[in-house]
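Coordinate analysis (summary)
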Amino acid sequence: MSHTGSVGGQPGPQRTTDRASALSEPTLAYAELVAGNRRFVGGTPRHPNQDAGHRAAVADGQHPFAVIVGCSDSRLAAEIIFDRGLGDLFVVRTAGHTAGPEVLGSVEYAVTVLGTPLVVVLGHDSCGAVQAARESAATGTAPSGHLRAVVDAVLPSLRRAQAEGVEDIDGIVDIHIAQTVETLLGQSPVLADEVAQGRCAVVGVSYRLAAGAVRPVAVVPADFATLDTPAGSPESTGPAAPATV
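So, here's what we can say about the structure.

Scoring rules and cut-offs
- Residues numbered from 1 in each chain as written.
- Predicted model: local features only at pLDDT ≥ 70, side-chain atom pairs only at ≥ 80, totals over all residues.
- Heavy atoms only, no water.
- Helix = DSSP H or I, 4+ residues; strand = E, 2+ residues; numbered from the N terminus.
- Buried < 20%, exposed > 50% of the residue type's maximum accessible area, 1.4 Å probe, protein only.
- Contact = heavy atoms within 4.5 Å.
- Areas by Shrake-Rupley, 256 points an atom, 1.4 Å probe, with all protein chains shown as cover.
- Pairing = 2+ DSSP bridges.
- Core = buried A, V, L, I, M, F, W, Y, C linked by side-chain atoms within 4.5 Å.
- 1 Å grid on protein atoms, 1.4 Å probe; cavity = no way out; pocket = protein on both sides within 12 Å on 5 of 7 lines; lining within 4 Å.
- Points joined across faces, edges and corners; volume = space filled by probe spheres on them.
- Nonpolar A, V, L, I, M, F, W, Y, C, P; charged D, E, K, R; others polar.
- Axes fitted to C-alpha atoms, helices over the stretch in contact; angles between N-to-C directions.

1. Remarks on the overall build of the chain
The helix and strand tally for the chain stands at 8 helices and 5 strands. Written out in order from the N terminus, the α and β elements of the chain read α-α-β-α-β-α-β-α-α-α-α-β-β. Here the chain holds 245 residues, and the buried ones make up 47% of them. Across the chain, contacts joining residues at least 24 apart in sequence account for 70% of those joining residues at least 6 apart. For the chain, the accessible area works out to roughly 11200 Å², and carbon and sulfur atoms hold 52% of it.

The following block contains the structure:
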């Protein structure tokens, strides 16, 4: 992986420590994703940063503006649904966006070494991993092979949904997205510190397979949801108000 800065005690990207200025970075990044998704939904994608010139420009280094921790579902290609290109997104995908050590390490690399200001957990309606975990819990049987690890990672979200009286699959998906946001922050002190210092934000969003639109369901820090989208962003739109985690 090419990067600016390096691990092992060497300095990474230079970024402001002023909280107001720093918060504008994740907000701007989120605004760019929202704008791209609206172009995708409206059938007017620009396909930015996908030409040969840009391919050459990013060959020596990358500066992605968002980390996408997404489900591996074949219909959930982040660069397509957010209308972005090469070097824009640092994408980590697993079934059901389950977050093990390799996922956490990948997120930490993007945030601390590449200086990426936004982490997005990308789930979707009718998630197969959630459905598999629900069936496993209902029947009391565990799937064979390594699929069991995926199901086991989703089961805490099912228990949480049950405790909250949520039974519909898409309601459970929203809870699972929020649970993944909490998992990332709870198991990565590095990420939690970046958020606490105002250098990063974490947003959980749910994608509608048929409509193609995303909507936020969880945000950290809590005040991120109240910030207006910066006026300088192309096609800037204010983010919807999601629940805080």
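2. Some words on the pairing of strand E5 (residues 214-220)
The two faces of the sheet receive side chains in turn, since in a regular strand these alternate between them. Along E5, 6 of the 7 residues are buried, which leaves the element largely enclosed by surrounding structure. As judged from the 6 bridges shared by strand E4 (residues 201-207) and E5, these two strands associate in the antiparallel manner. Paired with Val205 across the two strands is Pro216, which belongs to E5. Hairpin connection of E4 to E5: 6 residues between the antiparallel strands, including Gly212 at a positive phi of 85 degrees.

3. So, the nonpolar core
Ranked by internal contacts, the top residues of the largest apolar core, which has 64 residues, are Leu33, Ile68, Phe82, Leu118, Val119, Leu122 and Leu191. Sorting elements by how many residues they give to this core places helix H7 (residues 169-187) first, with 9 residues. When neighbours within four sequence positions are excluded, Leu118 is seen to be in contact with Pro26, Ala29, Tyr30, Leu33, Phe65, Ala66, Val67, Cys200, Ala201 and Val203.

4. Examining empty space enclosed by the protein
Where empty space is left becomes clear once a probe the size of a water molecule has been rolled over the atoms. Here the structure, examined in full by the defined rule, presents 1 cavity of 30 Å³ or more. Estimated volume of the largest cavity: approximately 30 Å³. Contributing to the lining of the largest cavity are Tyr30, Leu33, Val34, Phe82, Val120, Val205 and Val214. Residues belonging to the lining of the largest cavity are distributed by class as follows: 7 nonpolar, no polar and no charged.

5. Describing the pairing of strand E1 (residues 66-71)
A large share of E1 lies buried, amounting to 6 of its 6 residues. Bridge count for E1 against strand E2 (residues 89-94) is 6 bridges, and the pairing is parallel. Across the sheet, the residue bridging to Val67 is Phe90, located in E2. Note that E1 and strand E3 (residues 118-124) share 4 bridges and pair parallel. The residue of E3 that forms the bridge with Ile68 is Val120.

6. Brief notes about the sheet that holds E5
Whenever strands of a sheet pair, they do so through backbone hydrogen bonds, lying parallel or antiparallel. A sheet is described by the order of its strands in space; here 5 strands give the open sequence E2-E1-E3-E4-E5, paired in mixed fashion. What marks the edges here is a single partner per strand, and that holds for E2 and E5. Neighbour-to-neighbour, the strand axes of this sheet turn through a mean angle of 20 degrees, independent of strand direction. Its contacts with the sheet put helix H4 (residues 101-113) on E1, E2 and E3, and the angle it makes with E2 is roughly 175 degrees.

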